[in-house]
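Each chain is listed here by its residues.
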Amino acid sequence: PQREQGASMADSIEIKTPPHDKRFPSTNKAFMCWNNYNEWASCMLKNEEDDSACRKTRWAAMAICPAEWVENWDESRTKGNFLGVGAKGFRK
């Protein structure tokens, strides 16, 4: 889509977040973040590390989690010491 002359880039960006999840009613979304990341990790294990099959679950984790947490968990998965889904025998 074309922008009107004088419109800023920010005017054309659409920001989306995951829909409300009734399992996590409180304002502290740390557990929801952890759960979303583990759902992505589980998807990756089930789909033999196929990123394209797990885009929605990765997006849900990235949308709610602080980037630093995701980077740390990704690094832990790579090193084989991640404490969530796939902790034993996980290979990247």
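Please read all numbers here as calculations on a predicted model, not as lab measurements.

(A) Local environment of the packing of aromatic side chains. Considering all chains together, one arrives at 6 aromatic pairs under this definition. Seen from their ring centres, Trp-34 and Phe-82 are 5.5 Å apart, and the 45° between their planes marks the pair as tilted. With Trp-34 in helix α2 (residues 30-46) and Phe-82 in the segment after α4 (67-79), this pair connects stretches of sequence that are 48 residues apart. We classify Trp-34 as partly exposed; its relative accessible area is 27%. For Phe-82, a relative accessible area of 5% gives the class buried. Relative to Trp-73, the ring of Trp-69 lies with its centre 5.9 Å away and its plane at 55°, an arrangement referred to as tilted. Within this pair, Trp-69 and its partner Trp-73 are both found in helix α4, separated by 4 residues, close to a single helical turn. Each residue in the set Trp-34, Tyr-37, Trp-40, Trp-69, Trp-73 and Phe-82 is aromatic and connected to the rest through ring pairs, giving one cluster. Here the guanidinium or amino end of Arg-58 rests over the ring plane of Trp-40, the centre of that ring lying 4.4 Å away.

(B) Just the packing of α2 against helix α3 (residues 55-64), in detail. Remark: α2 packs on α3, axes separated minimally by 8 Å, with the N-to-C direction vectors making an angle of 155°. In terms of orientation, α2 and α3 fall into the roughly antiparallel class. Note that α2 runs across α3; the crossing there is left-handed. Judged by residue contacts, Met-32, Cys-33, Asn-36, Tyr-37, Glu-39, Trp-40 and Cys-43 of α2 engage Thr-57, Arg-58, Ala-60, Ala-61 and Ile-64 from α3.

(C) Representation of the packing of α2 against α4 in the model. Where α2 meets α4, the closest approach of the two axes is 12 Å, and the angle between their N-to-C directions is 35°. Every pair of crossing elements has a handedness; the one defined by α2 and α4 is right-handed. Mapping the contact onto sequence places Ala-30, Cys-33, Trp-34, Tyr-37, Trp-40, Ala-41 and Met-44 in α2 and Trp-69, Val-70, Trp-73, Asp-74 and Arg-77 in α4. Grouping the constituent residues of the contact of α2 with α4 by class yields 10 nonpolar, no polar and 2 charged.

(D) Layout of the nonpolar core. Of all hydrophobic cores here, the largest spans 12 residues; its members are Cys-33, Tyr-37, Trp-40, Ala-41, Cys-43, Met-44, Cys-54, Ala-61, Cys-65, Val-70, Trp-73 and Phe-82. When residues in this core are grouped by element, the largest group, 6 residues, is from α2. Not counting chain neighbours up to four residues away, the residues in contact with Cys-65 comprise Cys-33, Val-70 and Trp-73.

The rules behind each value
Residues numbered from 1 in each chain as written. Predicted model: local features only at pLDDT ≥ 70, side-chain atom pairs only at ≥ 80, totals over all residues. Heavy atoms only, no water. Phe/Tyr/Trp six-rings, centres within 6.5 Å; stacked < 30°, edge-to-face > 60°. Helix = DSSP H or I, 4+ residues; strand = E, 2+ residues; numbered from the N terminus. Buried < 20%, exposed > 50% of the residue type's maximum accessible area, 1.4 Å probe, protein only. Lys NZ or Arg CZ within 6 Å of the ring centre and 35° of its normal. Axes fitted to C-alpha atoms, helices over the stretch in contact; angles between N-to-C directions. Parallel < 35°, antiparallel > 145°, perpendicular 65-115°, else oblique. Left-handed = near helix turned anticlockwise from the far one by under 90°. Contact = heavy atoms within 4.5 Å. Nonpolar A, V, L, I, M, F, W, Y, C, P; charged D, E, K, R; others polar. Core = buried A, V, L, I, M, F, W, Y, C linked by side-chain atoms within 4.5 Å.

Any functional reading would require information that these geometric values do not contain.
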